[in-house]
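For reference, the chains in residue letters:
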Protein chains: 2
Amino acid sequence: MSGVSDTLDLFADPIDLTAALVDVRSVSGEEDEIADLVERSLRRHAPHLEITRSGNAVLARTNLGKQRRIVLAGHLDTVPVNRNFPSRREGDVLHGCGTVDMKGGDAVMLAIAALSQNARHDLTFVFYDCEEIEAERNGLTRIERELVEWLQGDLAIVCEPSGGTVEAGCQGTMRIEVRTTGKRAHTARAWMGENAIHGLGEALSKLAAYEPRQPEIDGCRYHEGLQAVKISGGVAGNVVPDEAVLTVNHRFAPDRSVAQAEAHLREVFAGYDVTVTDFSGGALPGLTAPAAQELVQAAGGTPVAKLGWTDVARFAALGMPAVNFGPGDPTLAHTQQENVPVSQITGCFDVLKRFLLS
Amino acid sequence: MSGVSDTLDLFADPIDLTAALVDVRSVSGEEDEIADLVERSLRRHAPHLEITRSGNAVLARTNLGKQRRIVLAGHLDTVPVNRNFPSRREGDVLHGCGTVDMKGGDAVMLAIAALSQNARHDLTFVFYDCEEIEAERNGLTRIERELVEWLQGDLAIVCEPSGGTVEAGCQGTMRIEVRTTGKRAHTARAWMGENAIHGLGEALSKLAAYEPRQPEIDGCRYHEGLQAVKISGGVAGNVVPDEAVLTVNHRFAPDRSVAQAEAHLREVFAGYDVTVTDFSGGALPGLTAPAAQELVQAAGGTPVAKLGWTDVARFAALGMPAVNFGPGDPTLAHTQQENVPVSQITGCFDVLKRFLLS
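The text that follows walks through the structure, step by step, so that each part is easy to find. Quantities reported herein were computed from a predicted structural model and do not represent experimental measurements. (Residues numbered from 1 in each chain as written. Chains lettered and ligands numbered in written order. Predicted model: local features only at pLDDT ≥ 70, side-chain atom pairs only at ≥ 80, totals over all residues. Heavy atoms only, no water.)

Moving on, we get to the overall build of chain A. Across its full length, chain A holds nine helices and 19 strands. Principal-axis analysis of the C-alpha atoms places the extent of chain A at approximately 80 × 45 × 40 Å. Burial status across chain A gives 57% buried among its 358 residues. Across chain A, the fraction of contacts at a sequence separation of at least 24, relative to all contacts at a separation of at least 6, is 78%. Split by element, the accessible area of chain A, about 13,700 Å² in all, is 46% carbon and sulfur. Averaging the coordinates of the 33 positive side-chain charges in chain A and doing the same for the 48 negative ones gives two points 2 Å apart. (Helix = DSSP H or I, 4+ residues; strand = E, 2+ residues; numbered from the N terminus. Buried < 20%, exposed > 50% of the residue type's maximum accessible area, 1.4 Å probe, protein only. Contact = heavy atoms within 4.5 Å. Areas by Shrake-Rupley, 256 points an atom, 1.4 Å probe, with all protein chains shown as cover. Lys, Arg positive; Asp, Glu negative; His and termini not counted. Charge placed at Lys NZ, Arg CZ, Asp CG, Glu CD.)

Before going further, it helps to examine the sheet that holds strand β17 (residues 304-305) of chain B. Residue and element names in this part refer to chain B. Strands sit in the order β1-β2-β6-β3-β7-β18-β8-β17 across an open sheet of eight strands; the sheet is mixed. Pairing within the sheet leaves two strands with one partner each, and these edge strands are β1 (50-54) and β17. Of the strands in this sheet, β1, β2 (57-61) and β6 (122-128) touch helix α2 (residues 32-45), which is tilted by about 170° from β1. (Pairing = 2+ DSSP bridges. Axes fitted to C-alpha atoms, helices over the stretch in contact; angles between N-to-C directions.)

Residue and element names in this part refer to chain B. In the contact formed by helix α3 (residues 99-114) and helix α9 (residues 342-356), the axes pass within 10 Å of each other and the chain directions differ by 35°. Like other packed secondary-structure pairs, α3 and α9 cross with a definite hand, here right-handed. Residue-level inspection shows V108, A111 and I112 of α3 in contact with α9, the latter providing I345, C348, F349, L352, K353 and L356. (Left-handed = near helix turned anticlockwise from the far one by under 90°.)

The interface of chain B with chain A comprises 40 residues on the first partner and 40 residues on the second. Overall, the association of chain B and chain A removes approximately 3,000 Å² of surface from exposure, summing both partners, and the carbon and sulfur fraction of that is 62%. Contact with chain A buries area across many residues of chain B, yet H198, Q227 and I231 of chain B alone supply 20% of it, more than any other trio. Summed over the shared surface of chain B and chain A, the result is zero salt bridges. Scanning the region where chain B abuts chain A turns up 14 residue pairs in polar contact (both at pLDDT 80 or more). Within the residue set of the side of chain B that touches chain A, elements represented by two or more residues are α5 (201-209), β13 (225-234), β14 (239-240) and β15 (243-252) of chain B. In terms of residues, the side of chain B that touches chain A owes the most to one element, β13 of chain B, which gives nine residues. Taken together, the residues of the side of chain B that touches chain A break down into 19 nonpolar, 16 polar and five charged. By the bridge criterion, five bridges tie strand β13 (residues 225-234) of chain A to β13 of chain B in an arrangement that is antiparallel. Its bridge partner lying in β13 of chain B, G234 of chain A is registered against K230 of chain B. (Buried area = accessible area lost by both parts, 1.4 Å probe. Salt bridge = Lys/Arg side-chain N within 4 Å of Asp/Glu carboxyl O. Polar contact = N/O pair within 3.5 Å; in protein donor to acceptor, adjacent residues only side chain to side chain. Nonpolar A, V, L, I, M, F, W, Y, C, P; charged D, E, K, R; others polar.)

This brings us to the sheet that holds β13 of chain A. Pairing between the strands of a sheet comes from backbone hydrogen bonds, and it takes one of two forms, parallel or antiparallel. Read across the open sheet, the eight strands follow the order β16(A)-β9(A)-β15(A)-β13(A)-β13(B)-β15(B)-β9(B)-β16(B); overall the sheet is antiparallel. The open sheet has two edge strands, β16 (273-280) of chain A together with β16 (273-280) of chain B, and neither has a second partner. Going from strand to strand, the sheet's axes swing by 25° on average, the running direction of each strand aside. In this sheet, β16 of chain A lies alongside strand β9 (residues 172-181) of chain A in antiparallel orientation, the contact comprising seven bridges. In the strand pairing of β16 of chain A, E177 of chain A is matched with T275 of chain A. Helix-sheet contacts for helix α5 (residues 201-209) of chain A involve β13 and β15 (243-252) of chain A, and the interaxial angle to β15 of chain A is about 20°. Relative to β15 of chain B, α5 of chain B is tilted by about 20°, and along the sheet it contacts β13 and β15 of chain B.

Expressed as a screw operation, the relation of chain B to chain A combines 0.1 Å of axial shift with a rotation of 179°, fitting to an RMSD of 0.2 Å. Both copies are brought into coincidence by an operation consistent with a two-fold rotation axis. Looking at chain B, 100% of its interface residues are interface residues in chain A too, so the copies touch through the same face. (Least-squares fit on C-alpha atoms with pLDDT ≥ 70 in both.)

Residue and element names in this part refer to chain A. Within the secondary structure, G98 is located in the loop between β5 (93-95) and α3 (99-114). Considered as a pair, G98 and P80 are 18 residues apart in the sequence and their alpha carbons are 9.7 Å apart. The residues contacting G98, other than those within four sequence positions of it, are V22, T78, K103, G104 and E338.

With that settled, consider the pairing of β13 of chain A. Residues and elements named next belong to chain A. Counting buried residues along β13, seven of its 10 residues qualify, which places the element largely inside the surrounding structure. Here β13 runs beside β15; their pairing, made up of eight bridges, is antiparallel. Bridged to Q227 within β15 is N249.

Shape descriptors only; they carry no functional weight alone.
Quick look at the structure:
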């Protein structure tokens, strides 16, 4: 894209829009240029929208007096580039940092925005910053604090890569530390001590034998998980260690609250010293809501459960059904070989046009 | 001791000699002053001895043409002082860095050396450096390479603290790494990966259930051990880890060779990837040797097994029976409150006089 300093043509093919967005470097915390470009482009090509800024987030919305409002959200930042900048088109595949996560989704949102003067529902577009880093810097945290009405509506569509399928709700996540204590001693006189590392054996056996639930909710099958993510302990090569710590990450389906997940973990690790270190609640799929049903119908496929935690949960916490729907294979996100088949960009654009504009 | 720069009176009470040695700071690597003092004192008060130097080690021996030669060894260095310098006498207890490990033993050796012109056996005295740090810097390593005949004899007595009891032989030590590998995956899709930390559960259970042998050799009961000393693994808080490592320290009785100990560990951890990272063979007590029996008789008590690894094993590797025998409680070694009841210094001196000089 030669005219970065000018504006994007929002009426161009969303595939070309994706490439143009990928070619503006926007690693988390450095979104000034891309946010300015998005704002200028919306002001030029979608003058029917009410537009505002919040830091490096750009917010735009219709005010058509419709019964329902659909919120579309996409982050503008990427993980650090990794010899995959700028974009590179090979046949029907677009390669480059952000092609999957998530400038394809952003491009579709911009294209819909440009065409939204007669939309079937009122629409809000949220292009935000700092999604790829710590939650407190996430643009949505700031917007929720200062401009929460820009996030509210009857359905949120987070255009993160979902392979063009509607991924509904999301699983919650909780991390705990399982800690054992013992008594130091010289290993030559080990019976005078008590080995804290040995004490973790039973906890690891429980993990190895754990059978995760796979509940079905609104037709979506979730798949829980309970995994050790870190283990540490040891004082010196000749000392019986007096402390060991096992960190466990639990992913839980959204039919369980954070409190229920914690109670479950305390039951699994009964007898151990358990500390919850962080958690995020899941989001129910909410597919029974009318707006969600319309989207599912427009997408034509069977919605599936979102297993990872995404910003969908932030919208769910505001009381709205929320789904992921965007082009790209999510397992390619954050990889050096990130790439998207361009047909998924077109397919996603077509579904949203059918749902929102027809 | 006011006259540090002069000489020690080797005919003084060994208790006073101990205090004088403690008052010469000699942290590992800084033994110049104490080695010079020991050499000067031996040259002045024991002119019947052949004396040589090897770095900061001082070697002295009789050449009386006796049938047997007894080697007495003591290191001159200490761990770093820790608000326990200089020595402090409280009633019948001498406090300070080195009182236990092992200037009480050094003092007894010096006192015996001064009286050895008519000894019952030929005697070699080895005062050496850098015992408290890595083995390759240990003075005995250098002496064995350059002056091995100064270490050879029919019995070695390492005057390390043994509570005034003859501690015979020593256990061997071996460290292994037990490594598991798996496959990384996002914890939200854990079934796509394989958790290496979970794979250590069985190894920890084996450790917790392990029953160490307690074999009796030459009347000494050993006590083996198998202890986790370190565990580590983990990639990130949301990643199924693909590697975990458990470090295990095995202490084995001297009826097993290094090769037998390794074979045993490979059997215990069958199915795991096991790497031996370091080892030191044990030393058989050798108490059936005539010179060792004389010492045991002079000491009057029941000899016990040495459980920790000490330089005794270096002498055993030269084909000699070797024991620990010295004043002080070994569990106080390296502690801030290091102290020795002065009666143990006198008692140890009396036993060695009876054995070597009477």
